[in-house]
Amino acid sequence: SQWGEENLQALSIQEGEDVTMNCSYKTYTTVVHWYRQDSGRGPALIILIRSNEREKRSGRLRATLDTSSQSSSLSITAAQCEDTAVYFCATGYQNFYFGKGTSLTVIP
Amino acid sequence: DAGVTQTPRHEVAEKGQTIILKCEPVSGHNDLFWYRQTKIQGLELLSYFRSKSLMEDGGAFKDRFKAEMLNSSFSTLKIQPTEPKDSAVYLCASSFGTGVYEQYFGPGTRLTVL
């Protein structure tokens, strides 16, 4: 497996809280993609981070990448109900390796 | 712009049947991917095409799964014969194959094998 974690993670938080999702990977990469999948739909790219960036922000999203520990994180600030989804990290170039994902539920 | 189209959205098959899933990638994309998604295994790559050439065929899925790219705007995934363990969501994705390599996914086909 490309990834350290083996099972789909599940998180449940209250609206307005901050949340961080983590993933670790085994094979060297210079870019990590984060995808979001809403129920009944395919995944969609929400943010990507390259090794020379260490941190990337997009709206309420913040991604980090630590190539020395081969890990990446995605944080959502002040989560909203519409952030409820499954979040995946992926490495690779043409051919991605997807992690198992984190199922995030934001409760109003 | 049209995104990735997949048909049918739902399929129910009896064990042993042959089923064919269809995918139309985003116009102009060079790469096309088929994935199987389950809660336990997550997203598993079945096939990867670049400019209609098969680049990767997903190893363990070779024997009963066959993906084809008949032209740059249409691909099929055939499962023959189906088994109950094939019940999953099958996702098709396409990409330009350059730059950030963002994959655009279709809505998927939910397959149930009885």
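Structure first, text after, so check above.
The model shown is predicted, which means the values in this text are computed figures rather than measured ones.

*Asks:* Can you help me understand the overall build of chain A in this one?
*Replies:* The helix and strand tally for chain A stands at 0 helices and 10 strands. The globule rule puts the C-alpha radius of gyration for 108 residues at 13 Å, and the 13 Å found for chain A is close to it. Taken along the three principal axes of its C-alpha coordinates, chain A extends 40 × 25 × 20 Å. Counting only contacts in chain A whose residues sit at least 6 apart along the sequence, the fraction spanning at least 24 positions is 55%. Surface exposure of chain A reaches about 5200 Å², of which carbon and sulfur atoms provide 45%. Positive and negative side-chain charges of chain A, numbering 10 and 11 respectively, have mean locations separated by a distance of 7 Å.

*Asks:* Would you take a moment to explain the nonpolar core for this structure?
*Replies:* What tends to happen in soluble globular proteins is that the nonpolar side chains get buried as a cluster. Ranked by size, the top nonpolar core spans 21 residues in total, and within it Leu32, Trp34, Leu46, Phe65, Leu77, Tyr90 and Leu111 of chain B carry the most contacts. Elements that contribute at least two residues to this core include exactly strand S3 (19-24), strand S4 (31-38), strand S5 (42-50), strand S7 (65-71), strand S8 (74-79), strand S9 (88-95) and strand S11 (109-113) of chain B. The residues touching Leu32 of chain B, leaving out its near neighbours within four places in the chain, are Cys23, Pro25, Ser47, Tyr48, Phe49, Met69, Ser75, Cys92, Ala93 and Ser94 of chain B. In terms of nonpolar packing, the next biggest core, distinct from the first, is built from 20 residues, Trp34, Leu61, Ala63 and Ala85 of chain A among them.

*Asks:* What am I meant to see in unusual backbone geometry here?
*Replies:* Excluding glycine, most residues fall at negative phi; most peptide bonds, likewise, are trans. For the bond running from Thr7 of chain B to Pro8 of chain B, omega is -10°, close enough to zero to count as cis. The topology assignment puts Pro8 of chain B in the loop between strand S1 (5-7) and strand S2 (10-13). Residue Pro81 of chain B is bonded to the preceding Gln80 of chain B through a cis peptide linkage, with omega at -10°. Note on placement: Pro81 of chain B falls in the loop between S8 and S9. With a phi close to 50°, Ala78 of chain A is a non-glycine residue in the positive phi region. Position of Ala78 of chain A among the secondary structure elements: in the loop between strand S7 (71-76) and strand S8 (85-92). Among the residues examined, Ala78 of chain A registers a relative accessible area of 26% and is labelled partly exposed. With a phi angle near 75°, Lys52 of chain B is a residue other than glycine that sits in the positive phi range. Mapped onto the elements of the fold, Lys52 of chain B is located in the loop between S5 and strand S6 (53-56).

*Asks:* Help me out: how do you make sense of the packing of aromatic side chains in this one?
*Replies:* How two aromatic rings sit relative to each other is given by the distance of their centres and the angle of their planes. For the structure shown, the criterion picks out 9 aromatic pairs over all chains. On the numbers, 5.5 Å between centres and 90° between planes, the contact of Phe98 of chain A with Tyr35 of chain B is edge-to-face. Note that Phe98 of chain A is positioned in strand S9 (residues 96-98) and Tyr35 of chain B in strand S4, a pairing that runs across two chains. With relative accessibility at 1%, the residue Tyr35 of chain B sits in the buried group. Where Phe33 of chain B meets Tyr35 of chain B, the ring centres are 6.1 Å apart and the plane angle is 20°; that geometry is what we call stacked. Overall, the relative accessible area of 0% leaves Phe33 of chain B in the buried class. Following the ring pairs from residue to residue traces out a cluster consisting of Tyr35, Phe88 and Phe98 of chain A together with Phe33, Tyr35, Tyr48 and Phe105 of chain B.

*Asks:* Hey, could you run me through the interface of chain A and chain B in this one?
*Replies:* Many analyses report the size of an interface as the accessible area lost when the parts associate. The interface of chain A with chain B comprises 19 residues on the first partner and 23 residues on the second. The junction of chain A with chain B conceals about 1600 Å² of combined surface from both sides, 55% of it contributed by carbon and sulfur atoms. Linking chain A with chain B are 0 salt bridges. Seen at the junction of chain A and chain B, the total is 3 residue pairs in polar contact (both at pLDDT 80 or more). Of the residues assigned to the side of chain A that touches chain B, the class counts are 9 nonpolar, 6 polar and 4 charged.

*Asks:* What's the story with the state of the cysteines in this structure? I'm lost.
*Replies:* Linking two cysteines covalently through their sulfur atoms gives a disulfide. Tallied over the entire structure, the rule returns 2 disulfides over all chains. The side chain of Cys23 of chain A participates in a disulfide bridge whose partner is Cys89 of chain A; the two sulfur atoms lie 2.2 Å from each other. Of this pair, Cys23 of chain A sits in strand S2 (residues 19-24) while Cys89 of chain A sits in strand S8; the two residues are 66 residues apart in sequence, bridging distant segments of the chain. Given a relative accessible area of 4%, Cys23 of chain A falls into the buried group. Bridging Cys23 of chain B to Cys92 of chain B, the disulfide has an S-S length of 1.9 Å. The sign of the -70° torsion about the S-S bond sets the Cys23 of chain B-Cys92 of chain B disulfide as left-handed. Separated by 69 residues along the polypeptide, Cys23 of chain B in strand S3 and Cys92 of chain B in strand S9 bring together distant segments of the chain.

What counts, and at which threshold
Residues numbered from 1 in each chain as written. Chains lettered and ligands numbered in written order. Predicted model: local features only at pLDDT ≥ 70, side-chain atom pairs only at ≥ 80, totals over all residues. Heavy atoms only, no water. Helix = DSSP H or I, 4+ residues; strand = E, 2+ residues; numbered from the N terminus. Rg over C-alpha atoms; globule rule 2.2 N^0.38 Å. Contact = heavy atoms within 4.5 Å. Areas by Shrake-Rupley, 256 points an atom, 1.4 Å probe, with all protein chains shown as cover. Lys, Arg positive; Asp, Glu negative; His and termini not counted. Charge placed at Lys NZ, Arg CZ, Asp CG, Glu CD. Core = buried A, V, L, I, M, F, W, Y, C linked by side-chain atoms within 4.5 Å. Buried < 20%, exposed > 50% of the residue type's maximum accessible area, 1.4 Å probe, protein only. Phe/Tyr/Trp six-rings, centres within 6.5 Å; stacked < 30°, edge-to-face > 60°. Buried area = accessible area lost by both parts, 1.4 Å probe. Salt bridge = Lys/Arg side-chain N within 4 Å of Asp/Glu carboxyl O. Polar contact = N/O pair within 3.5 Å; in protein donor to acceptor, adjacent residues only side chain to side chain. Nonpolar A, V, L, I, M, F, W, Y, C, P; charged D, E, K, R; others polar. Disulfide = S-S within 2.5 Å.

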